[in-house]
Amino acid sequence: MASTIQTNQASVAATARDHRAVGLWLAASALMVFAMMVIGAITRLTESGLSMVEWRPLIGTLPPFTEAEWQRVFALYKETSQYQLMNRGMGLAEFREIFFWEWLHRLWGRLIGLVFALPFLWFLIRGRLPAGYAKHGWILLGLGALQGVIGWWMVKSGFVDRTEVSQYRLAVHLGLAFFILGYLVWLALGLLWPVETGRAPAPRGYRRLGAWCHAVVFFTVISGAIVAGSRAGFLYNEWPTMGGGFVPGNFWDATLGWRNLFENHVVVQFDHRMMAYLTLAVVAAFWIATLRLGDRLHGRVRLAAHGLMAGVLLQLVLGVATLLTVVWLPLGVLHQAGAAIVFCLTLWALKELRGRPETG
């Protein structure tokens with residue numbers, strides 16, 4: 001009997017170690033995706049994304065080393081519309097600066113693939129993945145590969161008759177990045193900070209409100225991608241008004257129709273402002289609701305609500321500051337990082353709200 005108990009205890013301890021190891025690997029992967037978003041923001045704000053004209057996923061890891069190779073890639077860039085329309089006369093030294101950020105962006109993507117794939121295969125072969133996690137690993141590998149293809153599809157849109165990538169393709173690229181980040185965070189939370197077995201779910205209304213917070217934050221992020229892709233943030237650098245009023249006078253272009261929502265820079269910025277206000281309203285409603293229920297909600301639910309409210313307030317301050325400084329690079333980068341943090345906070349809140357009424 002004693003040996004059976006000891007065996008069971010050893011098995012439980014080994015399972016706990018495996019869960020922690022897998023959770024830390026997923027968390028590290030999520031942190032790398034978060035860093036990728038920061039690098040991507042810098043790449044976009046420095047107009048560096050179109051500097052690498054070639055896509056060489058297998059042999060393009062190293063940057064140019066010789067003067068001849070630098071001249072070759074610079075000559076390719078000179079053929080792009082961005083150089084012809086915006087950067088004509090740029091010297092090689094300036095080109096190297098923008099080339100660095102796009103090269104780092106692509107290199108970091110490859111590193112994410114290695115950091116995720118190699119441990120995943122090791123855990124899989126050793127049989128140390130928790131039940132059901134092998135499926136998630138394969139899905140994430142596929143999503144990572146798809147993200148690389150979408151990234152090149154996005155970059156290609158900027159090589160013809162424009163100086164930046166398509167805002168539509170940028171929204172798809174950023175949206176998938178957030179989905180991958182959320183997927184990793186959700187899995188990591190379940191292993192590193194699981195909800196206690198036996199904890200009942202929060203009332204349905206609270207779970208629905210938490211889901212609304214998550215959805216609104218995600219669509220606010222997408223509207224921000226449209227702003228970034230169309231460079232709408234460089235208009236009406238004032239707050240809380242636009243052109244002296246809540247709605248600027250030249251708001252709607254009848255010739256664009258529904259495309260005003262995505263191509264009219266005035267409407268695009270206005271929409272993002274409205275989505276930010278909606279985010280504040282929904283998250284504030286959720287936070288106030290948790291305060292009203294008080295101790296009848298689990299302490300971790302209340303903690304998640306406080307964190308989400310604080311994150312949204314900070315993100316709004318960063319958004320306004322970014323606008324007023326005409327998209328100053330450090331603030332623009334912090335604003336995108338803040339969006340990713342708020343998005344992850346909504347996932348934490350959802351995880352806590354769901355409870356865990358049954359074992360497993």
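Residues numbered from 1 in each chain as written. Predicted model: local features only at pLDDT ≥ 70, side-chain atom pairs only at ≥ 80, totals over all residues. Heavy atoms only, no water.

As for the environment of Leu170
Turning to step 1, where the next piece is worked out: Checked against the element boundaries, Leu170 lands in helix α6 (residues 167–192).
Turning to step 2, where the next piece is worked out: Remark: the alpha-carbon pair of Leu170 and Phe270, spanning 100 residues in sequence, is separated by 19 Å.
Turning to step 3, where the next piece is worked out: Ignoring sequence-local partners within four residues, the contact set of Leu170 consists of Arg44, Met154, Val165, Ala225, Ala228 and Gly229. (Helix = DSSP H or I, 4+ residues; strand = E, 2+ residues; numbered from the N terminus. Contact = heavy atoms within 4.5 Å.)

Here we look at the pattern of salt bridges
Turning to step 1, where the next piece is worked out: Overall, the coordinates contain 11 salt bridges when judged by the stated rule.
Turning to step 2, where the next piece is worked out: The shortest N-O distance in the salt bridge between Arg72 and Glu54 comes to 2.9 Å. A residue pair is termed long-range when its members are at least 10 positions apart, and Arg72 in helix α2 (residues 67–78) and Glu54 in the loop between α1 (2–45) and α2 qualify at 18 residues.
Turning to step 3, where the next piece is worked out: Overall, Arg72 belongs to the partly exposed group, its relative accessible area being 31%.
Turning to step 4, where the next piece is worked out: We note a salt bridge from Arg72 to Glu69, for which the minimum N-O separation is 2.8 Å. Taken together, the residues span about one helical turn, with Arg72 and Glu69 both in helix α2 at a distance of three residues. (Salt bridge = Lys/Arg side-chain N within 4 Å of Asp/Glu carboxyl O. Buried < 20%, exposed > 50% of the residue type's maximum accessible area, 1.4 Å probe, protein only.)

Side note on the side chain of Arg300
Turning to step 1, where the next piece is worked out: Mapped onto the elements of the fold, Arg300 is located in helix α10 (residues 299–324).
Turning to step 2, where the next piece is worked out: In terms of polar contacts, Arg300 uses its side chain to reach the backbone carbonyl oxygen of Trp193, at 3.1 Å. (Polar contact = N/O pair within 3.5 Å; in protein donor to acceptor, adjacent residues only side chain to side chain.)

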